[in-house]
Structures are given as C-alpha cells and as structure tokens.
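Chain by chain, the residues run as shown.
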Amino acid sequence: RGHIAKAARGMAPILIRGESGTGKELAAQAVHACSQRASGPFVAVNCGAIPESLLEAEFFGARKGSYTGANADREGFFQAAHGGTLFLDELGDLPLPMQAKLLRVIQERKVRPLGATREEPVDVRIVSATHHDLAAAVQAKTFRQDLYYRLNVIELILPPLRERRGDIAAIASVLLQRIAEYSGLPPRPLSAQALALLQKHPLEGNVRELENILQRALAMSEGETLSIDGE
C-alpha cells in the first residue's frame, strides 16, 4: 500500500505487473484514489477484448459516418478519462499498429477521432497492467521499445495473493463492498472463522478466486456475518 501511495503522486505513467488475477485493476483503482486525480474519472480498458478493427474508434472516438455503424459522434476512452486516470489492462495484447498510435497520443497529448479534421487535447494519467513479460516482448519485437519505456516509468510488481496473506482481510473488505453494490444485497462482514479459513486457503487463482469465494458466501450465507465453504 505504501508503494501505491508513493507511485500515485505526480503524473508519471505506471506499469503494474503480476500473475493473472492478482488484482491489478484493484491496484490501479488504489493509485487513482490516492492521486490528485481522485475526483476525476477512472476508465478501465481490457486491451485484449476489443476487436482490432474497432481499436482506434474505441480509444480515440469517432465522428458520425466515419465507419459503417457510426450513427452518431462517440467519445473514446481517452476523452472519457479526461482529467482522470486511464487504466490499460492486458497492454501486451495490443497489436503493433495500435501501439504506434497510442505512443503518438501519449507524446502529443492529443487525439484525433476517426473522421475528424482536428485533434483534441486530452489530459489523462495512464496506468497499465500486464501478466506478459513485456521486456521479452520488446526483444521479440512484438512490443515497441519506445512505448515500453514511455509507459514503464514506475513499475509496481504485485506478488501472488498467497505471498501477501496480510492483505487478504483488506482486499476481501473492498471486494465484498463491490459485490454487494452490483448484486443489490446488503454488505456483510466475514466471520472470524471465515477469515481464518481464507488465510489458510491456497488461493492459486489469486484475487479472482477470492472474489468467487466471496460471491458464493454472500449468496449462500444466512445471518449477519458471512461464512465460507469449510466452516
């Protein structure tokens, strides 16, 4: 947590590295919350989930009629994150042509929506994450070296959850609040026995597995506190 608070200061881009499911988005949200941009938007993007043909429109926006199906002007992720933080998850999945365009936007701090004749200034702080070894991808020429150094100014390495069991209670509390909000159920704390069981759980699936366990507990438990399988 101390590393996150220090990294959050200023505007330097941050690269978060860790196994799949280690809670990289939670760390990015914590960076945003600790930064001077906390009152601005936090926009999370899964770079691997967007079809290559739509990447430019999704990132930079598009004008009506600029491509088939563009029935109205739309803002991109950069415009949506203006004044706040743009979180690029699975950065290593971006194809090389899009990496070049992303680099230019970061350098110029301007975007040109598809079909537009003018560029628009954007003010975002970029936090990225990957479970890939980007340094190896640079050597293999599948990731641009200049973009790597531009985004990897501050590096945060998230160890697997099984190696930071002291964080389990705090992470579980954040996750329970989030799960309760989107499920419409009232938030309830874990019982002492449930927390003790979680501390001993292998948690090979990291934060993602912990979230699954908590979702199940919130759905299945009765009473004022949550119990988990095994109690």
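A. Structural detail: the pattern of salt bridges. The full count for this structure, using the stated rule, is 11 salt bridges. A salt bridge links Glu19 to Arg162; the nearest nitrogen and oxygen atoms lie 2.9 Å apart. Of the two residues, Glu19 sits in the loop between strand 1 (14-18) and helix 2 (24-34) while Arg162 sits in the loop between strand 7 (154-158) and helix 8 (168-183), which places them 143 residues apart along the sequence. With a relative accessible area of 33%, Glu19 lands in the partly exposed category. The exposure class of Arg162 is partly exposed, given its relative accessible area of 26%. Residue Glu58 is joined to Arg74 by a salt bridge in which the shortest nitrogen-to-oxygen separation is 3.2 Å. Separated by 16 residues along the polypeptide, Glu58 in helix 3 (residues 55-60) and Arg74 in the loop between helix 3 and helix 4 (77-80) bring together distant segments of the chain. Residue Glu58 is classed as buried on the basis of its relative accessible area of 19%. Residue classification places Arg74 among the partly exposed positions, given a relative accessible area of 30%.

B. A look at the nonpolar core. One finds Phe59, Phe78, Leu86, Leu88 and Leu91 to be the most contacted residues of the largest nonpolar core, which totals 31 residues. Where this core is concerned, the elements lending two or more residues are strand 2 (42-46), helix 3, helix 4, strand 3 (85-89), helix 5 (96-108), helix 6 (134-139) and helix 7 (145-151). Ranked by residues supplied to this core, first place goes to helix 5 with five residues. Setting aside residues up to four positions removed in sequence, Leu91 forms contacts with Leu15, Cys47, Leu102, Ser128, Ala129, Thr130, Leu134, Phe143 and Leu151. In this structure, Leu190, Leu198, Leu203 and Leu218 belong to the second largest nonpolar core, which totals 21 residues.

C. Main features of the confidence of the model for the chain. Summarising the model, the chain shows a mean pLDDT of 91, and 99% of its residues fall at 70 or more. Helix 1 (residues 2-8) is the least confidently modelled element of the chain, averaging 87 in pLDDT, while strand 3 averages 98, the highest of any element.

D. Looking closely at the pairing of strand 2. Alternating positions in strand 2 separate cleanly, Val43 and Val45 being buried on one face and Phe42, Ala44 and Asn46 remaining unburied on the opposite face. As paired strands, strand 2 and strand 3 are joined by five bridges and run parallel to one another. Of the residues in strand 3, the one forming a bridge with Ala44 is Phe87.

E. View of the layout of surface pockets. Its boundaries defined by the atoms lining it, the second largest pocket holds a volume of some 340 Å³. Lining the second largest pocket are 17 residues, with Gly23, Lys24, Glu25, Asp89 and Arg208 positioned closest to its centre. Contributing elements (two or more residues each) for the lining of the second largest pocket: helix 2, strand 2, strand 3 and helix 10 (206-220). Of the residues assigned to the lining of the second largest pocket, the class counts are five nonpolar, five polar and seven charged.

F. Representation of the packing of helix 8 against helix 10 within the structure. Orientation of helix 8 relative to helix 10, taken along the N-to-C sense of each, is 55°, at an axis distance of 10 Å. Classified by the angle between their axes, helix 8 and helix 10 sit oblique to one another. When you trace helix 8 past helix 10, the crossing you get is right-handed. Of the residues in helix 10, those touching helix 8 at Ile171, Ala172, Leu175, Leu176, Arg178, Ile179, Ala180, Tyr182 and Ser183 are Val207, Leu210, Glu211, Leu214, Gln215 and Leu218. Here the contact of helix 8 with helix 10 is composed, by residue class, of 11 nonpolar, two polar and two charged.

G. Summary view of the sheet that holds strand 1. On the basis of which strands lie adjacent, the open sheet formed by five strands has the order 2-3-6-1-7 and parallel pairing. Of all the strands in the sheet, the pair left with one neighbour each is strand 2 and strand 7. Ignoring which end each strand starts from, the neighbouring axes of this sheet average 20° apart. Bridge count for strand 3 against strand 6 (residues 125-130) is four bridges, and the pairing is parallel. When the bridges of strand 6 are listed, Thr85 appears paired with Arg125. Taken strand by strand, helix 2 contacts strand 1, strand 2, strand 3, strand 6 and strand 7, and its axis lies near 150° from that of strand 1.

H. Just helix 10, in detail. Given a rise of 1.5 Å per residue, 15 residues ought to cover 21 Å, and the 22 Å separating the end C-alpha atoms of helix 10 matches this to within 8%. Residues of helix 10 that are buried: Asn206, Val207, Leu210, Glu211, Ile213, Leu214, Ala217 and Leu218. Viewed end-on, helix 10 has its buried residues packed into an arc of 165°, placing them on one side of the element. Across from the buried face of helix 10, at angles greater than 90 degrees, the exposed residues are Ala219 and Met220. In this structure, the buried side of helix 10 is in contact with helix 2, helix 8 and helix 9 (192-200).

Parameters at a glance
Sequence positions are assigned chain by chain, starting from 1 and proceeding in written order. Residue-level local features of this predicted model are given only where pLDDT is at least 70; pairs of side-chain atoms are given and counted only at 80 or more, and the full residue set underlies all totals for whole chains, interfaces and linings. To obtain the side-chain values, all non-hydrogen atoms of the structure were included, while hydrogens and water were left out. The rule for a salt bridge is simple: a side-chain nitrogen of Lys or Arg has to be within 4 Å of a carboxyl oxygen of Asp or Glu. The helix and strand labels rest on DSSP assignments: H or I over at least four residues marks a helix, E over at least two residues marks a strand, and numbering proceeds from the N terminus. Under the scheme applied here, a residue whose accessible area is under 20% of the maximum for its type counts as buried, over 50% as exposed, and between as partly exposed, the area being computed with a 1.4 Å probe on protein chains only. Nonpolar core, defined: a set of buried Ala, Val, Leu, Ile, Met, Phe, Trp, Tyr and Cys residues in which side-chain atoms within 4.5 Å join the residues together. By definition in these notes, contact holds between two residues if any of their heavy atoms fall within 4.5 Å. Per-residue confidence from the predictor is reported as pLDDT, which spans 0 to 100. Two strands form a pair only when DSSP identifies at least two bridges running between them. Here a cavity is any set of points on a 1 Å grid over the protein atoms alone where a 1.4 Å probe fits but cannot get out, and a pocket is any open set with protein on both sides within 12 Å along at least 5 of 7 lines; a residue lines the site when it has an atom within 4 Å of a point. Grid points are joined across faces, edges and corners, and a volume is the space filled by probe spheres set on the points. In this classification, Asp, Glu, Lys and Arg are treated as charged, Ala, Val, Leu, Ile, Met, Phe, Trp, Tyr, Cys and Pro as nonpolar, and every other residue, Gly included, as polar. Lines fitted to C-alpha atoms define the axes here, with helix axes fitted over just the stretch in contact, and angles between the N-to-C directions of these axes take values from 0 to 180 degrees. Our angle categories are set so that under 35 degrees counts as roughly parallel, over 145 as roughly antiparallel, 65 to 115 as roughly perpendicular, and the remainder as oblique. Helix crossings fall into two classes, left-handed where the near helix is turned counterclockwise from the far one by less than a right angle and right-handed where it is turned clockwise. What a helix should span is 1.5 Å times the count of its residues minus one. Of all possible arcs, the one meant is that of the directions from the helix axis to the C-beta atoms.

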